Amino acid sequence: MFAVYIILMLCTMAPVIAMQLGADFTGLVWLVFVLVLVKALLLVDHFMEMKHAPFGWRLASQGWAVVVVAVLAGIHFVA
């Protein structure tokens, strides 16, 4: 469980560190997209106690991250 907390903390810190190191916007967007997916997987599996749930339930509960990131990317693309 401690490892999950460390990974979540690193996922939260990574975009800030990347910005300080001078990452371009495109790389930063992809980094945040991947980190949101990782955090969704970890949060659902470890904190929502869905490790033993059927695959369909896990997939549906993790799908919110993909939808949110896709909608935000679409809004940014249109604007």
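Small disclaimer: the values here were computed from a predicted structure and weren't measured.

## Here we look at the overall build of the chain
Right, so step 1: Along its length, the chain carries 3 helices and 0 strands.
Right, so step 2: Counting from the amino terminus, the chain carries its helices and strands in the arrangement α-α-α.
Right, so step 3: Within the chain, buried positions represent 20% of all 79 residues.
Right, so step 4: The long-range share in the chain, meaning contacts at least 24 apart out of those at least 6 apart in sequence, stands at 52%.
Right, so step 5: Surface exposure of the chain reaches about 5900 Å², of which carbon and sulfur atoms provide 79%.

## Digging into helix α1 (residues 2-20)
Right, so step 1: When the terminal C-alpha atoms of α1 are compared, their 27 Å separation across 19 residues agrees well with the 27 Å that a helix rising 1.5 Å per residue should span.
Right, so step 2: Where α1 bends most, the angle comes to about 35°, and this point is Met13, followed within four residues by the proline Pro15.
Right, so step 3: Within the sequence span of α1, burial applies to Val4, Leu8, Cys11, Pro15 and Ala18.
Right, so step 4: Directly after α1, the chain includes Gly22, whose backbone phi takes a positive value near 90°.

## Comments concerning the environment of Ala73
Right, so step 1: Its place among the elements puts Ala73 in helix α3 (residues 55-78).
Right, so step 2: Along the chain, Ala73 and Phe33 lie 40 residues apart, while their C-alpha atoms are 9.7 Å from each other.

## Considerations on the packing of aromatic side chains
Right, so step 1: Scanning the entire structure with this criterion turns up 1 aromatic pair.
Right, so step 2: Between Trp30 and Phe33, the ring centres sit 5.8 Å apart and the planes meet at 90°, which makes this aromatic pair edge-to-face. Placement of both Trp30 and Phe33 in helix α2 (residues 25-47) is noted, with a separation of 3 residues, approximately one turn of the helix.

The rules behind each value
- One numbering rule holds for all chains: residues counted from 1, following each sequence as written.
- Residue-level local features of this predicted model are given only where pLDDT is at least 70; pairs of side-chain atoms are given and counted only at 80 or more, and the full residue set underlies all totals for whole chains, interfaces and linings.
- Side-chain metrics rest on all non-hydrogen atoms present in the structure, leaving aside hydrogens and water.
- The helix and strand labels rest on DSSP assignments: H or I over at least four residues marks a helix, E over at least two residues marks a strand, and numbering proceeds from the N terminus.
- When a residue's accessible area, from a 1.4 Å probe over protein chains only, is under 20% of the maximum for its type it is buried; when over 50% it is exposed; and in between it is partly exposed.
- Here a residue-residue contact requires only that any non-hydrogen atoms of the pair lie within 4.5 Å.
- Note on areas: these come from Shrake-Rupley sampling with a 1.4 Å probe, and a residue is covered only by the protein chains present in the view.
- Given the number of residues in a helix, its expected span is that number minus one, multiplied by 1.5 Å.
- Bend is computed residue by residue as the angle between axes fitted to the seven residues ending at the residue and the seven residues starting at it.
- Pairs were defined over the aromatic rings of Phe, Tyr and Trp, the Trp ring being its six-membered one, requiring ring centres within 6.5 Å. Orientation was assigned from the angle between planes: stacked under 30 degrees, edge-to-face over 60, tilted for the rest.

Treat this as a map of the structure, not an account of what it does.
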